[in-house]
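Each chain, letter by letter, is given below.
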Amino acid sequence: MTGAAFSPLSLQLKDGIGDGDRRGRAACRDASHFRREVTTALEFAIDVTVNGEPRRVVLDDPRVTLLDLLRERLHLTGAKKGCDRGQCGACTVIVNGRRINACLALALSQDGADILTIEGVASNDALSPVQAAFLAHDALQCGFCTPGQIMSAIGLLKEGQAGCDPERVREGMSGNLCRCGAYAGITEAVLSVSAPVAPPAEDARP
Amino acid sequence: MNRFNYVRPQSLAEALGAGSAPGAAFLAGGTNLLDLMKLGLAAPATLVDLARLPDLSAVETLASGAVRIGALVKNADLAHDKTFAAAFPAVAEALLSGASPQLRNAATVGGNILQRTRCPYFFDREAACNKRTPGSGCDAGGGETRTQAVLGWSTACTATHPSDFCVPLTALDAVVEIAGPDGLREMPLETLHRLPGDTPHVETALSEGEIILAVRLPGEAGQFAPRSRYLKVRDRTSYAFALVSAAAALVIKDGKITDVRLCLGGVAAKPWRAREAEAVLVGARPDAERFRAAAEAALSDARPVGGNGFKIELAKRVASRALLMAATGTPDRVPALPASPFSSRVHDGARV
């Protein structure tokens, strides 16, 4: 190996970088003990809340992504598998309040998570404001990317970074590709929802 | 994707133990590793999921004035941490110019630093790649070299490190805290990533089983807050890796530059700290002519790979422009978005 050489623990003690390092030192000493203790299971049970409903899922394969969990195991097919590589955004869902690409998240890592998909955004028969805005502004053509676009827009509005600035809306939606090219309508739809609720002074500043 | 064992350690000790098993890989946000696994470019026998480890998700100011960023802090959380962004605006700007909002919500600080190259020949399993298969050769040289390096490359490998985040961190002398089976250590971020030489598959100075715990920015780095920028030039306005980027930071007193940092991204296998350029600038007046001279110094050793010579001139322009932007001053709000063909404010200086 090149680069900085290992420092003996005794030398590290003098540095006193913070509490994390004291915990780290203890952890390093204990590592050989845990090496024997960590075991792997053949089946994994995870508990997730999906669109408000608690679900226990038993997985026999650790390779299942959150997207495959939703689509193939829970039969929630709104989130789409476009590229399956985090490049198109069609699989966007909201996990613990944050929009993420479901294709690049392991289902196992989601144990305990609160997941919102497109199937959970309408209340009874009433569309969510973002859904309604997408219809009103013709923000789709074929519709394949639309669930991801809508979930991403909900995430963007929640983050509160774009406000009424079209350029920041476009930047904030750049993780979602639309091959039909409905971008103008998508930007208008997001702006129509964000405008009434955005605090103008802070967020509208260029 | 290969089948793997999955473990979710609850403590650093457990993680280090699990990580010492042959073929183990550490998983954090997963945005890079899972992609590589799907493509068969990574095939760990065991995935050690670090996401639930305690104590690695905080941004804290230490007694020394240094700021310590836990390795599991999400890219988006760090960029939108108002105190952090005010102290290190170029770092926040770099974070927000990388990837997409969804990816930034999942990707972590440690994972960003350790992300693999996006060299298309590394990703193409039909192509020869010394990084992917040591000794197999490199098909990039005679091929498409738009994204390849112009500094520090070797005949064995011309791949670049794709991180935006690491560029201002290296400019500001960030230090990486590391835990491993044999103890704790730390090193400057500048020495973490290796140039390819004859062993491009050895990408970092980390040893098997080591975990990045945190990145630390020294307190002195805060002095650059009023004049710090990150400028990224890419093939589209958003959601693309840099062709060339630059982090520039200045301290100007009485009309003269008293301290300066310049680091380039997208041009080498590591963030390229341009100390020769910094030497040109200390004591000088901050003007366009001197910034261009500094940029010339930064790229004096640059050599093209195939047809990518345009990146040398582009890097000079990006470096001198980033310095000019830093001299103008950090804008009220970062990121000031890059120039956009759709922008109604393309002539607004804050937007480049």
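Residues numbered from 1 in each chain as written. Chains lettered and ligands numbered in written order. Predicted model: local features only at pLDDT ≥ 70, side-chain atom pairs only at ≥ 80, totals over all residues.

Brief notes about the overall build of chain B
And then number 1: Summing up its helical and strand segments, chain B has 12 helices and 12 strands in all.
And then number 2: Taken over C-alpha atoms, the radius of gyration comes to 20 Å for chain B, in line with the 20 Å a tight globule of 352 residues would show.
And then number 3: Dimensions of chain B, computed from the C-alpha atoms along their principal axes, are close to 60 × 50 × 40 Å.
And then number 4: For chain B, the proportion of its 352 residues judged to be buried stands at 57%.
And then number 5: Long-range contacts, defined here as pairs at least 24 residues apart, represent 65% of the contacts in chain B between residues at least 6 apart. (Helix = DSSP H or I, 4+ residues; strand = E, 2+ residues; numbered from the N terminus. Rg over C-alpha atoms; globule rule 2.2 N^0.38 Å. Buried ≥ 20, exposed ≤ 12 C-beta atoms within 10 Å, placed from the backbone. Contact = placed C-beta atoms within 7 Å.)

Let's talk about the nonpolar core
All names here are of chain B.
And then number 1: Ranked by size, the top nonpolar core spans 169 residues in total, and within it Ala-247, Leu-262 and Ala-319 carry the most contacts.
And then number 2: The leading source of residues in this core is helix 12 (residues 310-328), at 7 residues.
And then number 3: Apart from residues no more than four positions distant in its own chain, Ala-247 is found in contact with Ala-90, Ala-94, Val-167, Pro-168, Ala-171, Tyr-230, Cys-263 and Ala-322. (Core = buried A, V, L, I, M, F, W, Y, C linked by C-beta atoms within 7 Å.)

A word on the packing of helix 4 (residues 129-136) of chain A against helix 5 (residues 146-159) of chain A
Residues and elements named next belong to chain A.
And then number 1: At a minimum axis separation of 10 Å, helix 4 and helix 5 run at an interaxial angle of 125°. In terms of their interaxial angle, helix 4 and helix 5 are classed as oblique. Note on packing geometry: the crossing formed by helix 4 with helix 5 is right-handed. Residues Val-130, Gln-131 and Phe-134 of helix 4 touch helix 5, and the partners they reach there are Thr-146, Ile-150, Ala-153 and Ile-154.
And then number 2: Residues belonging to the contact of helix 4 with helix 5 are distributed by class as follows: 5 nonpolar, 2 polar and no charged. (Axes fitted to C-alpha atoms, helices over the stretch in contact; angles between N-to-C directions. Parallel < 35°, antiparallel > 145°, perpendicular 65-115°, else oblique. Left-handed = near helix turned anticlockwise from the far one by under 90°. Nonpolar A, V, L, I, M, F, W, Y, C, P; charged D, E, K, R; others polar.)

Points about the sheet that holds strand 10 (residues 244-253) of chain B
All names here are of chain B.
And then number 1: Strands sit in the order 9-10-11-12 across an open sheet of 4 strands; the sheet is antiparallel. Edge strands, defined here as strands with exactly one partner in the open sheet, are strand 9 (228-233) and strand 12 (272-273).
And then number 2: In this sheet, strand 12 lies alongside strand 11 (residues 256-265) in antiparallel orientation, the contact comprising 2 bridges. Along strand 12, the bridge assignment pairs Cys-263 with Arg-273.
And then number 3: Where helix 5 (residues 89-96) meets the sheet, it contacts strand 9 and strand 10, and its direction lies at approximately 25° from that of strand 9. (Pairing = 2+ DSSP bridges.)

Comments concerning helix 5 of chain B
Residue and element names in this part refer to chain B.
And then number 1: Within helix 5, 8 of the 8 residues are buried, leaving the element largely enclosed by the surrounding structure.
And then number 2: Among the residues making up helix 5, those that are buried are Pro-89, Ala-90, Val-91, Ala-92, Glu-93, Ala-94, Leu-95 and Leu-96.
And then number 3: Looking at the packing, one finds that the buried side of helix 5 touches helix 3 (75-79), helix 4 (82-87), helix 6 (101-106), helix 9 (166-171), strand 9 and strand 10.

Considerations on the domain arrangement of chain B
And then number 1: For chain B, the assigned domains are domain 1 (5-52) and domain 2 (224-330).
And then number 2: Distance from the C-alpha centre of domain 1 of chain B to the C-alpha centre of domain 2 of chain B: 36 Å. (Domains from an automatic or database assignment.)

Re the sheet that holds strand 3 (residues 46-49) of chain B
All names here are of chain B.
And then number 1: Read across the sheet, 3 strands follow the order 1-3-2 without closing on themselves; strand pairing throughout is parallel. At either end of the open sheet lies a strand with only one pairing partner, and these are strand 1 (5-7) and strand 2 (24-27). For this sheet, the mean inter-axis angle between neighbouring strands, taken without regard to orientation, is 25°.
And then number 2: One ladder, built from 4 bridges, connects strand 2 with strand 3; its direction is parallel. Paired with Leu-27 across the two strands is Asp-49, which belongs to strand 3.
And then number 3: Strand contacts of helix 1 (residues 12-19): strand 1, strand 2 and strand 3, with the helix running at about 165° to strand 3, the strand carrying the most contacts.

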